[in-house]
2 protein chains.
Amino acid sequence: MSQVTVKDVARLAKVSPRTVSNVVNDYTHVSDDVRRRVLAAIDELGYRPNLIARNLRTGRTGLLALIVPEIDVPYFSELARAVIDAASAHGYRVMIDQTGHDHERERQLLIGSDRTMLFDGILFSPLVTQDEIADLDSSTVLPTILLGEHTFTGRFDHIAIDNTRAAHEATTHLVATGRRRIAAVGAQPRETYRTPRQRTAGYLSALADAGLPLDDDLVVPAARYHRRDGYDATRRLLALDAPPDAIFCYSDLLAMGAMRAVQDAGRRIADDVAVIGIDDIEEGRFAIPSLSTVALDKDVIATRALEQLVRRIEDPSRPATQIVVPHQLIERDSTRRAA
Amino acid sequence: MSQVTVKDVARLAKVSPRTVSNVVNDYTHVSDDVRRRVLAAIDELGYRPNLIARNLRTGRTGLLALIVPEIDVPYFSELARAVIDAASAHGYRVMIDQTGHDHERERQLLIGSDRTMLFDGILFSPLVTQDEIADLDSSTVLPTILLGEHTFTGRFDHIAIDNTRAAHEATTHLVATGRRRIAAVGAQPRETYRTPRQRTAGYLSALADAGLPLDDDLVVPAARYHRRDGYDATRRLLALDAPPDAIFCYSDLLAMGAMRAVQDAGRRIADDVAVIGIDDIEEGRFAIPSLSTVALDKDVIATRALEQLVRRIEDPSRPATQIVVPHQLIERDSTRRAA
DNA sequence: TTGTATGCGTTATCAC
DNA sequence: GTGATAACGCATACAA
């Protein structure tokens with residue numbers, strides 16, 4: 001583990017450190033002879049450039065931080081995969097931080113209170129983001145891009161999803177298959193977050209468009225978006241005097257729990273109670289029955305996010321932009337009645 | 001983004017940079033008065049220590065690399081969560097690299113050919129590790145710990161699972177529920193990897209112990225361990241003249257695909273064809289039907305791994321150790337016949 | 001094309 | 001208990 005430095009290489013190759021550096025970074029044209037000598041010396045000594053030193057000098061680390069609530073939630077792990085791959089294509093590596101649904105932690109990470117000086121940029125994908133991030137002074141912050149599900153504030157670059165429309169389409173699909181008592185699972189207990197609010201808005205407007213009445217009992221909050229939360233909410237729904245004939249879940253993971261709850265209650269998924277989610281995680285494609293959903297293309301989100309973030313790193317003063325990525329309704333068995 | 005340095009703080013607080021550093025790192029006893037002044041200056045200037053510089057000086061980065069084949073495979077994302085949390089408890093942050101099943105990439109990352117100088121240590125969780133890593137000269141390598149599923153080579157610290165016994169228990173469970181034609185899904189096409197080889201060994205010995213004959217047709221390879229691979233393998237099994245009445249999958253994800261294939265073939269899971277996996281991913285607990293499995297405790301793996309890795313970082317010369325974490329058979333509905 | 005010298009921001013060695 | 005200064009390894013301005 002003893003450090004071999006440029007100096008050692010330079011000494012062995014009988015050149016200056018400068019030349020070694022030039023060879024390593026293929027800078028200006030170095031004579032083939034010298035290059036060969038340097039390369040040989042590097043090889044012999046097993047020289048490995050010290051990234052930390054290089055980074056101190058250049059001010060860049062080649063490291064991005066991806067901040068998600070929980071990496072083991074499939075939506076985020078699938079997103080992480082796409083982000084890591086996209087970052088790799090731009091020469092960056094990705095560190096993952098989990099906020100664990102802790103707002104204060106989210107804020108801390110976003111303003112880089114901690115040790116964030118290590119990163120060239122931040123990809124921030126909060127499950128629940130408060131309006132207050134809009135109040136952050138983005139000029140003091142590292143190049144940052146918000147992923148998914150938020151309203152454009154004009155302060156941060158931002159890859160958005162049209163939550164309201166996505167929720168509207170999901171609900172309308174349930175209406176189109178003949179459902180009349182459609183529940184919504186995933187509203188937030190406190191109405192402080194944008195994403196669930198938008199999804200609730202889409203749900204409500206779809207009901208209105210279909211001329212269906214709103215029954216407050218059918219709008220069930222979920223503190224988190226885990227399978228367990230979807231399960232518990234659905235158990236409560238099915239215990240109602242007038243249970244729903246369809247459930248729109250604000251995430252696929254909620255929907256997985258919802259399907260299981262319908263099953264455990266002895267009702268038939270799709271025939272008795274249709275279930276639809278949002279996200280299009282792979283798990284839903286193989287579920288029994290397969291889960292209808294509104295697909296969010298994580299590859300597109302990641303690709304566009306990296307393009308944008310790299311641009312901002314190169315030019316921190318450019319104005320913030322918003323990119324809206326499309327979504328797509330995918331009908332599968334969980335909303336399809338038996339023939 | 002302009003850097004505020006210790007010097008700026010020192011100037012404002014009218015002390016030396018040394019003192020500022022002492023305050024920041026709670027070193028030697030600084031007088032309360034001075035400490036207060038320094039803290040006030042830090043606050044006023046919004047000073048944030050530059051980690052890169054600190055790291056250059058100390059030789060530590062506080063960063064670990066977690067290397068997995070694919071982060072969006074639930075076993076690995078659940079493991080990553082546990083690792084990130086455990087690392088955080090030790091003051092480390094975690095960067096994630098994906099090898100994408102590329103052996104050469106795995107090797108490169110392991111020997112730190114690239115820019116690995118950035119990390120204080122490596123947690124390496126290959127899906128498929130070749131014997132050849134045993135040939136690596138561990139002395140030239142960063143502190144490294146191998147996670148799960150390998151044979152102890154004496155070169156690297158190593159958190160192991162008793163694959164042979166786990167597979168034996170899974171198979172024996174199927175025997176105990178009255179199955180006689182038990183298939184195995186997940187053997188590797190080329191017998192170069194240890195984990196699947198060990199699992200196959202456990203399967204075979206369980207058959208032998210039960211006095212059941214081996215039918216080569218029932219041992220099906222899977223190139224990867226995705227749902228799709230389990231699905232395809234199972235379709236082939238069910239198309240046999242004498243299809244199996246139970247399927248032991250080498251991972252839960254394979255088993256999820258297997259269950260779906262049984263369903264699609266119009267057979268009943270558990271009653272006609274029992275399915276069991278290994279891993280105990282959360283997805284299996286909510287699946288319809290719930291998936292029997294052999295649980296590997298990822299929290300224990302992560303916790304022990306970090307203890308061990310931190311020890312090695314502090315003392316690189318200590319001998320390599322192997323820790324075997326226990327596993328546990330969990331019976332759920334996918335192997336339970338209807339009453 | 002290559003060599004010399006300086007500084008990135010921090011911590012550590014030495015004095016005081 | 002605190003202040004000045006060197007050094008970590010690299011990249012680059014400047015000089016040759």
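In the annotation of an unreviewed UniProt entry, chain A is listed under the name DNA-binding transcriptional regulator, LacI/PurR family and assigned to Jiangella alkaliphila.

Focus on the overall build of chain A
Within chain A, the secondary structure is distributed over 12 helices and 12 strands. For 339 residues, the compact-globule estimate of 2.2 N^0.38 gives 20 Å, and the C-alpha radius of gyration of chain A, at 25 Å, exceeds that figure by more than 25%. Referenced to the eigenvectors of the C-alpha coordinate spread, the extents of chain A come out at roughly 85 × 40 × 30 Å. With 339 residues in all, chain A has 55% of them scored as buried. Intrachain contacts of chain A at a sequence separation of at least 6 include 71% that bridge at least 24 residues. Accessible surface, chain A: about 13900 Å² in total, of which carbon and sulfur atoms supply 48%.

Digging into the interface of chain B and chain A
Each partner contributes residues to the interface: chain B has 56 residues there, and chain A has 57 residues. Between chain B and chain A, a total of about 5300 Å² is buried, with carbon and sulfur atoms accounting for 61% of that surface. Counting the surface chain B buries against chain A, the share from its top three residues, Arg93(B), Phe286(B) and Ile288(B), is 16%. In this structure, Arg81(B) engages Asp72(A) in a salt bridge whose closest nitrogen and oxygen atoms are separated by 2.9 Å. Between the two partners, chain B and chain A, sit 14 residue pairs in polar contact (both at pLDDT 80 or more). Mapped by element, the contributors of at least two residues to the side of chain B that touches chain A are helix H4 (51-58), helix H5 (74-89), strand E2 (93-98), helix H6 (103-111), helix H9 (227-238), helix H10 (252-264) and helix H11 (282-286) of chain B. Of the residues belonging to the side of chain B that touches chain A, the class tally is 26 nonpolar, 13 polar and 17 charged.

A look at the protein's contact with DNA strand D
Lining the immediate environment of DNA strand D, one finds 25 residues, of which Arg18(A), Arg54(A), Arg57(A), Thr19(B) and Arg57(B) sit closest. Sugar plus phosphate: this is where 64% of the atoms of DNA strand D within 4 Å of the protein reside. A distance of 2.5 Å separates a phosphate oxygen of DNA strand D from a polar atom in the side chain of Arg54(A). A distance of 2.7 Å is found between a base nitrogen of DNA strand D and a side-chain nitrogen or oxygen belonging to Arg57(B). Elements with a contribution of two residues or more to the surface near DNA strand D: helix H2 (17-24) and helix H4 (51-58) of chain A together with helix H2 (17-24) and H4 of chain B. No other element matches H4(A), which puts three residues into the surface near DNA strand D.

Side note on the relation of the copies chain B and chain A
There are two copies of the chain, and a rotation about an axis plus a shift along that axis relates them. At an RMSD of 0.3 Å, chain B and chain A line up after a rotation of 180 degrees and a shift of 0.2 Å along the axis. On the angle and the small slide along the axis, the relation comes out as a two-fold axis. Minimal C-alpha separation from the rotation axis in chain B is found for Met95(B), amounting to 2.1 Å. Comparing interface residues between copies, 100% of those in chain B also sit at the interface in chain A, which points to an isologous, same-surface contact.

Looking at the side chain of His173(A)
Note that His173(A) resides in helix H7 (residues 163-176). If near-sequence neighbours (up to four positions away) are discounted, His173(A) is found in contact with Ile276(A), Ser292(A), Leu329(A), Glu331(A) and Thr335(A).

Examining the sheet that holds strand E12 (residues 327-330) of chain B
Residues and elements named next belong to chain B. What the six strands build is an open sheet, ordered E7-E6-E8-E9-E10-E12; its pairing is mixed. The sheet is open, and its two edges are formed by strand E7 (219-221) and E12, each paired on a single side. Taking the axes of each pair of neighbouring strands and ignoring which way they run, one obtains an average angle of 15 degrees across the sheet. When strand E6 (residues 182-187) meets E7, the two strands line up parallel, connected through three bridges. Directly across from Val185, in E7, lies its bridge partner Val220. Strand contacts of helix H8 (residues 194-210): E6, E7, strand E8 (246-249), strand E9 (274-279) and strand E10 (292-296), with the helix running at about 170 degrees to E6, the strand carrying the most contacts.

Looking at the packing of H5(B) against helix H12 (residues 298-314) of chain B
Relative placement of two packed helices is described by the angle separating their axes and the distance separating the axes. Residue and element names in this part refer to chain B. Two numbers describe how H5 lies on H12: the axes approach to 8 Å, and their chain directions differ by 45 degrees. With respect to H12, the element H5 is oriented oblique. Crossing of H5 over H12 shows right-handed handedness. Residues Tyr75, Glu78, Leu79, Ala82, Val83, Ala86 and Ala87 of H5 pack against Lys298, Asp299, Ile301, Ala302, Thr303 and Leu306 of H12. Split into classes, the residues belonging to the contact of H5 with H12 amount to nine nonpolar, one polar and three charged.

Some points on the protein's contact with DNA strand C
Around DNA strand C, a shell composed of 26 residues is seen, among which Ser16(A), Thr19(A), Arg57(A), Val6(B) and Tyr47(B) lie nearest. Of all atoms in DNA strand C that approach within 4 Å of the protein, 67% are sugar or phosphate atoms. Contact between DNA strand C and Arg18(B): a base oxygen at 2.8 Å from a side-chain N or O atom of the residue. A distance of 3.1 Å separates a base oxygen of DNA strand C from a polar side-chain atom of Arg57(B). Contributing elements (two or more residues each) for the surface near DNA strand C: H2 and H4 of chain A together with H2 and H4 of chain B. With four residues, the top contributor of residues to the surface near DNA strand C is H4(B). Each residue belonging to the surface near DNA strand C can be placed in one class, and the counts come to nine nonpolar, 11 polar and six charged.

Focus on the domain arrangement of chain A
Taken domain by domain, chain A consists of domain 1 (6-49), domain 2 (63-162 + 297-326) and domain 3 (163-296). A straight line from the C-alpha centre of domain 1 of chain A to that of domain 3 of chain A covers 62 Å.

Observations regarding the nonpolar core
Core analysis: the biggest nonpolar cluster contains 150 residues, and Ile96(A), Leu123(A), Leu147(A), Ile96(B), Leu123(B) and Leu147(B) have the highest contact counts within it. Those residues in contact with Leu123(B) that sit more than four places away from it in its chain are Leu64(B), Ala65(B), Leu66(B), Ile67(B), Val83(B), Ile145(B), Leu147(B), Ala305(B), Leu306(B) and Leu309(B). Ranked by size, the runner-up nonpolar core spans 21 residues in total, among them Leu51(A), Ile52(B), Leu118(B) and Phe119(B).

Quick word on the sheet that holds strand E9 (residues 274-279) of chain A
All names here are of chain A. What the six strands build is an open sheet, ordered E7-E6-E8-E9-E10-E12; its pairing is mixed. Single-partner strands in this sheet number two, and they are strand E7 (219-221) and strand E12 (327-330). Direction aside, the axes of adjacent strands within the sheet are offset by 15 degrees on average. Alignment of strand E8 (residues 246-249) against E9, held across three bridges, turns out to be parallel. The residue of E9 that forms the bridge with Ile247 is Val275. Its contacts with the sheet place helix H8 (residues 194-210) against strand E6 (182-187), E7, E8, E9 and strand E10 (292-296), and it is angled at close to 170 degrees to E6.

Let's talk about the packing of aromatic side chains
All told, the structure shown has six aromatic pairs over all chains when counted by the stated rule. Geometrically, the ring pair formed by Tyr231(A) and Phe286(B) is edge-to-face, given 6.2 Å between the ring centres and 75 degrees between the ring planes. With one member in each of two chains, Tyr231(A) in helix H9 (residues 227-238) and Phe286(B) in helix H11 form a pair that bridges those chains. Per residue, the accessibility class of Tyr231(A) equals that of Phe286(B), and both read buried. Ring centres of Phe248(B) and Tyr250(B) lie 5.2 Å apart, and the angle between their planes is 45 degrees; on these two criteria the pair is classed as tilted. Exposure class is identical for Phe248(B) and Tyr250(B). Each is buried.

About the thresholds
Residues numbered from 1 in each chain as written. Chains lettered and ligands numbered in written order. Predicted model: local features only at pLDDT ≥ 70, side-chain atom pairs only at ≥ 80, totals over all residues. Heavy atoms only, no water. Helix = DSSP H or I, 4+ residues; strand = E, 2+ residues; numbered from the N terminus. Rg over C-alpha atoms; globule rule 2.2 N^0.38 Å. Buried < 20%, exposed > 50% of the residue type's maximum accessible area, 1.4 Å probe, protein only. Contact = heavy atoms within 4.5 Å. Areas by Shrake-Rupley, 256 points an atom, 1.4 Å probe, with all protein chains shown as cover. Buried area = accessible area lost by both parts, 1.4 Å probe. Salt bridge = Lys/Arg side-chain N within 4 Å of Asp/Glu carboxyl O. Polar contact = N/O pair within 3.5 Å; in protein donor to acceptor, adjacent residues only side chain to side chain. Nonpolar A, V, L, I, M, F, W, Y, C, P; charged D, E, K, R; others polar. Near = heavy atom within 4 Å. Least-squares fit on C-alpha atoms with pLDDT ≥ 70 in both. Pairing = 2+ DSSP bridges. Axes fitted to C-alpha atoms, helices over the stretch in contact; angles between N-to-C directions. Parallel < 35°, antiparallel > 145°, perpendicular 65-115°, else oblique. Left-handed = near helix turned anticlockwise from the far one by under 90°. Domains from an automatic or database assignment. Core = buried A, V, L, I, M, F, W, Y, C linked by side-chain atoms within 4.5 Å. Phe/Tyr/Trp six-rings, centres within 6.5 Å; stacked < 30°, edge-to-face > 60°.

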